[in-house]
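If you want the building blocks of each chain, they are given just below.
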Amino acid sequence: MNARGAKNKGREWQNKIRDLLREKYEGQLEEDDITSTLMGESGCDIKLSPAARKLFPWSIEAKRQEKVSLYAWWDQAKTNCKDGTKPAIILKSNRKDPLVVMSLEDFIDLL
């Protein structure tokens, strides 16, 4: 796959995550409370307004790649993590189920 195709896949994945979050919080948030960043823009891949962060306190790193570099991605997610949120990676590979990666501590806190 060429670079343009890979970027398109990544952008589509970010938009899918954005749309799922908007659907989850429909009626509680405005559409522009959850947006997808432009490709190549630094920071989290899913931008949240202060109102959205209150309901969904996660800084999302979206990855749509076949070659997994999990700990490098994790370092990136922690670096891009906004104050008051926790880092998470949402990843997808071809013909595989989407997965969410978070710290063990954050997982235990959800229980």
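Cut-offs and rules
Residues numbered from 1 in each chain as written. Predicted model: local features only at pLDDT ≥ 70, side-chain atom pairs only at ≥ 80, totals over all residues. Heavy atoms only, no water. Helix = DSSP H or I, 4+ residues; strand = E, 2+ residues; numbered from the N terminus. Rg over C-alpha atoms; globule rule 2.2 N^0.38 Å. Buried < 20%, exposed > 50% of the residue type's maximum accessible area, 1.4 Å probe, protein only. Contact = heavy atoms within 4.5 Å. Areas by Shrake-Rupley, 256 points an atom, 1.4 Å probe, with all protein chains shown as cover. Lys, Arg positive; Asp, Glu negative; His and termini not counted. Charge placed at Lys NZ, Arg CZ, Asp CG, Glu CD. Core = buried A, V, L, I, M, F, W, Y, C linked by side-chain atoms within 4.5 Å. Pairing = 2+ DSSP bridges. Axes fitted to C-alpha atoms, helices over the stretch in contact; angles between N-to-C directions. Patch = residues over 30% accessible without salt bridge, like charges linked within 9 Å, V, L, I, M, F, W, Y side chains within 5 Å. Salt bridge = Lys/Arg side-chain N within 4 Å of Asp/Glu carboxyl O.

1. A closer look at the overall build of the protein chain
- Counting its regular elements, the protein chain contains four helices and five strands.
- If you list the helices and strands of the protein chain from N to C, you get α-β-β-α-β-α-β-β-α.
- Its C-alpha atoms give the protein chain a radius of gyration of 14 Å, near enough to 13 Å, the size a compact globule of 111 residues would have.
- Principal-axis analysis of the C-alpha atoms gives the protein chain an extent of 40 × 30 × 25 Å.
- Scored against the burial criterion, the 111 residues of the protein chain give a buried share of 34%.
- The contacts in the protein chain between residues at least 6 apart in sequence include a share of 46% that link residues at least 24 apart.
- Total accessible area on the protein chain is roughly 7500 Å²; 51% of this is exposed by carbon and sulfur atoms.
- Side-chain charges in the protein chain split into 20 positive and 18 negative, and the spacing between the mean points of these groups amounts to 7 Å.

2. Focus on the nonpolar core
- By size, the foremost hydrophobic cluster in this structure holds 15 residues, and its most contacted members are Ile17, Leu21, Ile34, Ile46, Phe56 and Ile60.
- Discounting residues that sit within four places of it in the chain, leucine 21 has contacts with Ile34, Ile46 and Phe56.
- The next biggest cluster of nonpolar side chains, apart from the first, holds five residues, and it includes Trp73, Trp74, Ile89 and Leu91.

3. Digging into the sheet that holds strand 3 (residues 58-64)
- Read across the sheet, three strands follow the order 3-4-5 without closing on themselves; strand pairing throughout is mixed. Strands at the two margins of the open sheet, each flanked by one partner only, are strand 3 and strand 5 (99-101). Pairwise comparison of adjacent strand axes, ignoring direction, gives a mean angle of 25° for this sheet.
- With three bridges connecting them, strand 4 (residues 86-92) and strand 5 associate as antiparallel partners. Counted as the bridge partner of leucine 91 is leucine 99 from strand 5.
- Across the sheet, helix 1 (residues 3-24) lies against strand 3 and strand 4, angled at about 145° from strand 3, the strand it touches most.
- On the sheet, helix 3 (residues 70-79) packs against strand 3, strand 4 and strand 5 and is oriented at approximately 140° with respect to strand 4.

4. Thoughts on the environment of lysine 7
- Counting through the fold element by element, lysine 7 comes out in helix 1.
- A residue is classified by how much of its surface remains accessible, and lysine 7, at 45% relative accessible area, is partly exposed.
- In this structure the C-alpha to C-alpha distance between lysine 7 and proline 87, which are 80 residues apart in sequence, comes to 22 Å.

5. Some thoughts on a nonpolar patch on the surface
- Among the surface-exposed residues, Leu104, Phe107, Ile108 and Leu111 lie close enough to one another that they form a single nonpolar patch of about 460 Å² accessible area.
- Assignment of secondary structure puts isoleucine 108 in helix 4 (residues 104-110).

6. What about the environment of serine 93?
- Inspection of the secondary structure assignment puts serine 93 in the loop between strand 4 and strand 5.
- By relative accessible area, serine 93 is classed as buried at 10%.
- In this structure, the C-alpha to C-alpha distance between serine 93 and arginine 11, residues 82 residues apart in sequence, is 14 Å.
- Apart from the residues within four sequence positions on either side, serine 93 is in contact with Arg64, Gln65 and Glu66.

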